[in-house]
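Notes for the structure review
Chain residues, written in single-letter form:
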Amino acid sequence: MNRAQLDSIRDAGPAILPSVLNCDFGNLMAEVDRLREAGTEILHLDVMDGHFVPNLTFGMPIVEGLRRHTDMPLDVHLMISDPLAYAKPMVDAGADLLTFHVEAVKDPVDVAGKISDLGVGVGVAINPGTPLSDLDVCLDCVDMVLVMSVEAGFGGQSFNPVAIDRIRELRSRRPELLLEIDGGINTSTIGLAREAGCDLFVVGSAIISSDDYTAAVSDLTEAMMSANGGAR
Ligand SMILES: O=C(CO)[C@H](O)[C@H](O)COP(=O)(O)O
Ligand SMILES: [Co+2]
């Protein structure tokens, strides 16, 4: 994802990014088609290594398979201990935006720079329990901050409201930064995050657990748009 694509995402206004984490992986492409038909445009892919987080999901083969069958931008959330080891393979597989966890690396500036050099958007994620000040060193080196509203590792967890204060603080410090929130986002929490100044809203269970993805996305969109977006 080049600079122009990132700018167009920012300029396009708030967006809901479905996480396929809890979808029916035996019918992955059918699920992706349903999510596209429901009106979502960017896919959030949760890559977990069973080491950085106590869960194991998927790697490059899934990213590559999705790249072959959809033109939706792929927002890849790396919940892995060694993001640099897999950055280029993930980009080669088709990732458009790569987000690593600040908790997983010693030098986030170096990691952000190396990922950016691959020609994709780079994000840094932070868990609720990690001091926000851990991001200070790399805020100017990333395109996006992914503010976790759950401890990374599983879908279906309860929303941690500390994320709202963090979105608000990051928005006030960096008006141009792309902000994404992830974890426990539903029709109640999405408005709070929007009002705090968030741009991108990762939603897993609140869509995947519903029988009607279109209705779920529509309800979420209504809740998101009825909140007054934080001033940039
Ligand atoms: O990064 C994640 C978990 O580590 C998932 O993206 C997130 O939890 C989405 O699932 P849900 O909306 O059900 O919380
Ligand atoms: Co995620």
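Parameters and conventions
- The numbering scheme is per chain: residues are counted from 1 as the chain's sequence reads.
- Labels are handed out in written order, letters beginning with A for the chains and numbers beginning with 1 for the ligands.
- Reporting of local features is limited, given that this is a predicted model, to residues whose pLDDT is at least 70; pairs of side-chain atoms are given and counted only at 80 or more, and all residues count toward the totals for whole chains, interfaces and linings.
- Hydrogen atoms and water are omitted, and side-chain values are computed over all heavy atoms in the structure.
- Criterion used throughout: strands pair if DSSP finds at least two bridges between them.
- Strands are runs of DSSP state E lasting at least 2 residues, helices are runs of H or I lasting at least 4, and numbering of each runs from the N terminus.
- Helix axes are fitted to C-alpha atoms over the stretch in contact, other axes to C-alpha atoms as well, and angles between N-to-C directions run from 0 to 180 degrees.
- With a 1.4 Å probe rolled over the protein chains alone, any residue whose accessible area is under 20% of its type maximum counts as buried; one over 50% counts as exposed, and the rest are partly exposed.
- Ring geometry is summarised as follows: Phe, Tyr and Trp rings, the Trp one being its six-membered ring, pair when their centres sit within 6.5 Å, and such pairs are stacked at plane angles under 30 degrees, edge-to-face over 60 and tilted between the two.

Remarks on the sheet that holds strand β6 (residues 144-148)
With respect to topology, eight strands assemble into an open sheet ordered β1-β8-β7-β6-β5-β4-β3-β2, the strand pairing being parallel. Each of the sheet's edge strands pairs with one partner strand only, and the pair in question is β1 (15-18) and β2 (43-48). Between one strand and the next, the sheet's axes are offset by a mean angle of 25°, whatever the strand orientation. In the sheet, strand β5 (residues 121-126) pairs with β6 via four bridges, with the strands oriented parallel. Each residue of the ladder has a partner; that of Gly 123, found in β6, is Met 144.

Section: the environment of Met 90
Position of Met 90 among the secondary structure elements: in helix α4 (residues 83-93). With relative accessibility at 1%, the residue Met 90 sits in the buried group. Taking C-alpha positions, Met 90 is 5.7 Å from Met 60, a pair spaced 30 residues apart along the chain.

Structural notes on the packing of aromatic side chains
Scanning the entire structure with this criterion turns up one aromatic pair. Taking 5.6 Å as the distance between ring centres and 40° as the angle between the ring planes, the aromatic pair formed by Phe 25 and Phe 58 counts as tilted. Residue Phe 25 is located in the loop between β1 and α2 (28-37), and its partner Phe 58 is located in the loop between β2 and α3 (60-69); the two are separated by 33 residues in the primary sequence. On the basis of relative accessibility, which here comes to 32%, the residue Phe 25 falls in the partly exposed class.

Interpretation in functional terms is not warranted from these geometric data alone.
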